Amino acid sequence: MNFKILIIPVFLIGVLFAGQIGDSFGHGLGSETMPPVMIGETEATLEVNSSTIYTDVDGEEKGIRQISIDFFETFTYVESNEVKPIDNVTFQVDLIKSGNVIISETFQRDDGILVMNLTPSDNEQVQVMERETFASFFGLASEQYNFEGKIFENGGLYEFEISVLTINSYDNVLTDPVGYDLGISIEETTRYEINDVNFGKQELGIVTFFDQITDFSYNTNTKEITFSFPFEWDQRTIDQTTVIHEEVLVPKTFGDLLVAKYVATLNELDLPESMINIDDFSSDDRLVHIVVSQKELQEIFSANQFNDDTITVKVKPENDLPLSGVTENGQFKINLWWNEELKSGQNSTLYFDVLDTFLKDKPIAISYNLGIFHDGKEIARTNGMSSESKGQSNSFEFFIPSDVSGIINVKFQKLDDSKVANLEIPLIVDRKNVTTTDYKIPEWVKNNAGWWADGQIPDSAFIDGIEFLIKEEIIVVPLSEVQSENGSTVPEWIKTNAGWWADGQIDDKTFATGIEFLIKIGLIVV
């Protein structure tokens, strides 16, 4: 059995309430230290930390969410950077997920430190596990409290309501218990498979550091990625939210999205370039960070009024070219482009710049080897010394054999004679164009969608009606490949889309995308 501990970024929000003490909010990064509060003559501070312990059980990696709550005296042993724990603390903890209380327990801790392990399992109901049994199996301390349930498979927002009932002695029951509200959002990664006409099946991903992703789509024409998650647009939420941080995962096998720049919107509002950052230092995926600070959220909130408690983010390439990437050792960045479409049986020219990431992407003169491969076979190669002039790029003219079509891989190797300065970028020869689909939906169909969105007709009536309209070709949508999924109810976001469509807030194509989804999961049979 192997173990590894990953301290994961978490978003924490906090409100402190105790007697006449005013509201105070947490900053939301990694660990949370709440403002101190006086209890008699003791100045006390609550600190919350989160981590995930990954353990290999029978070949399957299991992640245990670990929440630690530490109650200690403020400003003790400052010179040694130590704190004095408060003894005999009684905690009342309610854990709330998606509006439901899933744990409500009282804990007595002699050292003022409470550790809760949240373990994913097949159990629909949260169960308390034997401490000794759990500890010996997973290698954790026996003085930790362990819970398991299916709900812990997911990250997203976990809300904690914590009350401190006693300190120093279990008989010392506080007349005015100290209470904290904490929202802890644990990192969650969701993968979405798309089928690109040129690059085939690819897995895009979203890493959310806020709440769970509720909607995702990829537009093959515009190369736009769209995803949504819950967010309450009110001043209290803005005050509690230090940052919104989302990551888009782009496989490095998906050349069309390995561009040098992206643009993004939040609820259809353009985000500045400073909020969009590219991280190419992972071996398998490019990470596109979308980071919106509290100040920027406040500006958005103050200047706009949103009807839905949702954030929708859209990310797409600013331009198709240049493509870019960073070598394995992180030292060199390559920008790569061409002026004419790559076609088999013709000469083509690639242009590229070699930049030094340590010198703020300054062009640099270094040796390089460049090979072009198709199905593992080399079709062209060159080497040389890159240009250090901003006005003079490097170029390589080569012939594409007539039997070469589809994906070719451009491999930069041993830059500056370093064995770890390599980069591979996939390109397309004989590019296939994405076919567009006409969505023909009569105006009167919107009445049904509006009634359904308002709850005037049930899901079954809406689905039956849509099936009939598709079979009669009154509604024309492309038939997606049906997948076997355990979906028995219509997702709420589709009903929301239907209401927006009926009100004219979204177009026919967006609504039809929801119908395609229902076909895909088998709720609509055609």
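Parameters at a glance
- Residues numbered from 1 in each chain as written.
- Predicted model: local features only at pLDDT ≥ 70, side-chain atom pairs only at ≥ 80, totals over all residues.
- Heavy atoms only, no water.
- Helix = DSSP H or I, 4+ residues; strand = E, 2+ residues; numbered from the N terminus.
- Buried < 20%, exposed > 50% of the residue type's maximum accessible area, 1.4 Å probe, protein only.
- Contact = heavy atoms within 4.5 Å.
- Areas by Shrake-Rupley, 256 points an atom, 1.4 Å probe, with all protein chains shown as cover.
- Salt bridge = Lys/Arg side-chain N within 4 Å of Asp/Glu carboxyl O.
- Pairing = 2+ DSSP bridges.
- Axes fitted to C-alpha atoms, helices over the stretch in contact; angles between N-to-C directions.

## A look at the overall build of the protein
At step 1: Looking only at helices and strands, the protein features seven helices and 33 strands.
At step 2: Sorting the 526 residues of the protein into buried and exposed places 47% on the buried side.
At step 3: Within the protein, contacts between residues at least 6 apart in sequence are counted, and of these 63% link residues at least 24 apart.
At step 4: Roughly 26,200 Å² of accessible area belongs to the protein as shown, and the carbon and sulfur atoms make up 45% of that amount.

## Describing the pattern of salt bridges
At step 1: Scanning the model with the defined rule gives 14 salt bridges in all.
At step 2: With its nearest N and O atoms 3.5 Å apart, the salt bridge here joins lysine 261 to glutamate 273. On the criterion of sequence distance, the pair formed by lysine 261 in the loop between strand E19 (243-251) and strand E20 (262-266) and glutamate 273 in the loop between strand E21 (269-270) and strand E22 (276-279) is long-range, its members being 12 residues apart.

## A short note on unusual backbone geometry
At step 1: Note the cis peptide between leucine 321 and proline 322, where omega equals 5°.
At step 2: For proline 322, the position within the fold is in the loop between strand E24 (310-317) and strand E25 (323-326).
At step 3: One non-glycine residue with positive phi stands out, namely aspartate 375, at about 50°.
At step 4: Secondary-structure assignment places aspartate 375 in the loop between strand E29 (367-374) and strand E30 (377-385).

## A few points about the sheet that holds strand E32 (residues 406-413)
At step 1: Ordered in space as E30-E29-E32-E33, the four strands form an open sheet in which the pairing is antiparallel. Only two strands of the sheet have a single neighbouring strand rather than two, namely E30 and strand E33 (423-429). With strand direction ignored, the average angle separating the axes of adjacent strands in the sheet is 20°.
At step 2: Here E29 pairs with E30 via eight bridges, running antiparallel. Residue pairing for E30: isoleucine 372 is matched across the bridge by alanine 380.

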